[in-house]
Amino acid sequence: MTALAGYQVRRRGGRPVATTQTRESRGAAARALTHQLFEKIDRLEPGTAEHARVRGELIEVNLPLVRYVANRFRSRNEPMDDVVQVGTIGLIHAIDRFDNSRGIQFPTFAMPTIIGEIRRYFRDNVRTVHVPRRLHELWVQIHGTTEELTLSLGRNPTTGEIAERLGVPEEDVLAGTEAGRSYRVASLEASQEREDGTPALGERLGHDDPGMDGVEHRSLVRHLLVQLPEREQRILLLRYYRNLTQSQISAELGLSQMHVSRLISRSFSRLRATNTIDA
């Protein structure tokens, strides 16, 4: 152990790494300083330079809380700087609404506000599907041009008219329009807004056919059956495909029920000897 900047640290690979005790100490120090700053800002007049300075110190002291919350959204593949910036807006809202006299720890009060602000950002501003920047910029141009042509023509413009106005191929207009749809998603359960009775999107999508599993099973059984004598093949087919009892099989083949039972057991023993199967 060694001392660094007044904190306990341990070295890993030559680099100082803060211990749990250090992190807890920093957290306690931040909470204590936050409490002091709120006591100070409550005595200041809003809009004054001193009030703004203390408010800025509160934001700076609690930025680690924003980064902690932002890390929970790292899997969303959005730039972390953008997420932290949005979370900071939530932090500022929490600071402005916090009542220090209620005896609540500020992090407890601020966390829901910060999380809510970040979730609202993902809900309202992040595209469902990421598209290349070129197509995104083209979509912005297409959207604006479409509105202009609609006003001037009195109708929705065609793809060719939009392409001519922008000076790009029609294929690019189609690609840009498709990219623009990434801002919206359609519910699989939502019915189509048509009068022709079109079913919901989910009802028109393909689904797993349970019979497909049987194809592989039947192929395996066929491979196993051909290894048996013809009579034993027939007995197994009667037993497991036509679901006949051993007494019914014995009556149909003119064999005793005991003999049918021995043939079934012998068939499985023979198959186990050359294949890995479960009876």
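A brief structural summary.

What counts and how
- Residues numbered from 1 in each chain as written.
- Predicted model: local features only at pLDDT ≥ 70, side-chain atom pairs only at ≥ 80, totals over all residues.
- Heavy atoms only, no water.
- Helix = DSSP H or I, 4+ residues; strand = E, 2+ residues; numbered from the N terminus.
- Buried < 20%, exposed > 50% of the residue type's maximum accessible area, 1.4 Å probe, protein only.
- Areas by Shrake-Rupley, 256 points an atom, 1.4 Å probe, with all protein chains shown as cover.
- Expected span 1.5 Å × (residues − 1).
- Polar contact = N/O pair within 3.5 Å; in protein donor to acceptor, adjacent residues only side chain to side chain.
- Contact = heavy atoms within 4.5 Å.
- Phe/Tyr/Trp six-rings, centres within 6.5 Å; stacked < 30°, edge-to-face > 60°.
- Core = buried A, V, L, I, M, F, W, Y, C linked by side-chain atoms within 4.5 Å.

**So, the overall build of the chain**
Counting its secondary structure elements, the chain contains 13 helices and 3 strands. For the chain, the proportion of its 279 residues judged to be buried stands at 28%. A total of about 19400 Å² of accessible surface is found on the chain, and carbon and sulfur atoms cover 50% of it.

**A short note on helix α4 (residues 80-97)**
Taking 1.5 Å of rise per residue, 18 residues should cover 26 Å, and α4 covers 26 Å from first to last C-alpha, within 8% of that figure. By the burial criterion, the buried members of α4 are Met-80, Val-83, Val-84, Val-86, Gly-87, Thr-88, Gly-90, Leu-91, Ala-94 and Ile-95.

**Considerations on the side chain of Ser-267**
Along the polypeptide, Ser-267 turns up in helix α13 (residues 257-274). Assessed through its relative accessible area of 1%, Ser-267 is described here as buried. Only 2.7 Å separates the side chain of Ser-267 from the side chain of Glu-232, close enough to count as a polar contact. A polar side-chain atom of Ser-267 sits 2.8 Å from the main-chain carbonyl oxygen of Leu-263. Ignoring any residue separated from it by four or fewer positions in sequence, one finds Ser-267 in contact with Leu-228, Glu-232 and Leu-236.

**Regarding the packing of aromatic side chains**
This structure, assessed with the given rule, holds 5 aromatic pairs. Between Phe-38 and Phe-106, the aromatic rings sit 5.1 Å apart at their centres with planes inclined by 50°, giving tilted as the arrangement. In this pair, Phe-38 sits in helix α1 (residues 20-41) while Phe-106 sits in helix α5 (residues 106-125), placing the two residues 68 residues apart along the sequence. For the pair Phe-38 and Phe-106, a shared accessibility class is recorded, and that class is buried. Judged by centre distance (5.2 Å) and plane angle (80°), the ring pair of Phe-98 and Phe-106 falls under edge-to-face. In this structure Phe-98 comes out as buried when scored by relative accessible area, which is 9%. Residue classification places Phe-106 among the buried residues on the basis of a relative accessible area of 3%.

**Considering the environment of Asp-172**
Note on placement: Asp-172 falls in helix α8 (residues 170-180). Exposure remark for Asp-172: the relative accessible area of 26% places this residue in the partly exposed category. When sequence neighbours within four positions are dropped, the list of residues in contact with Asp-172 reads Arg-134, Leu-138 and Ile-142.

**Details of the nonpolar core**
With 27 residues, the main nonpolar core has Phe-38, Val-69, Leu-91, Ile-95, Phe-106, Ile-114 and Ile-118 as its most contacted residues. Looking at this core, the elements that each hand over two or more residues are α1, α2 (49-61), α3 (63-71), α4 and α5. Per element, the largest residue contribution to this core is 8 residues, and it comes from α5. In this structure, Phe-106 is in contact with Thr-34, Phe-38, Asn-62, Leu-91, Ala-94, Ile-95 and Phe-98, ignoring residues within four places of it in sequence. Formed by 14 residues, the second largest nonpolar core is a distinct cluster that contains Leu-224, Leu-238, Ile-249 and Ile-264.

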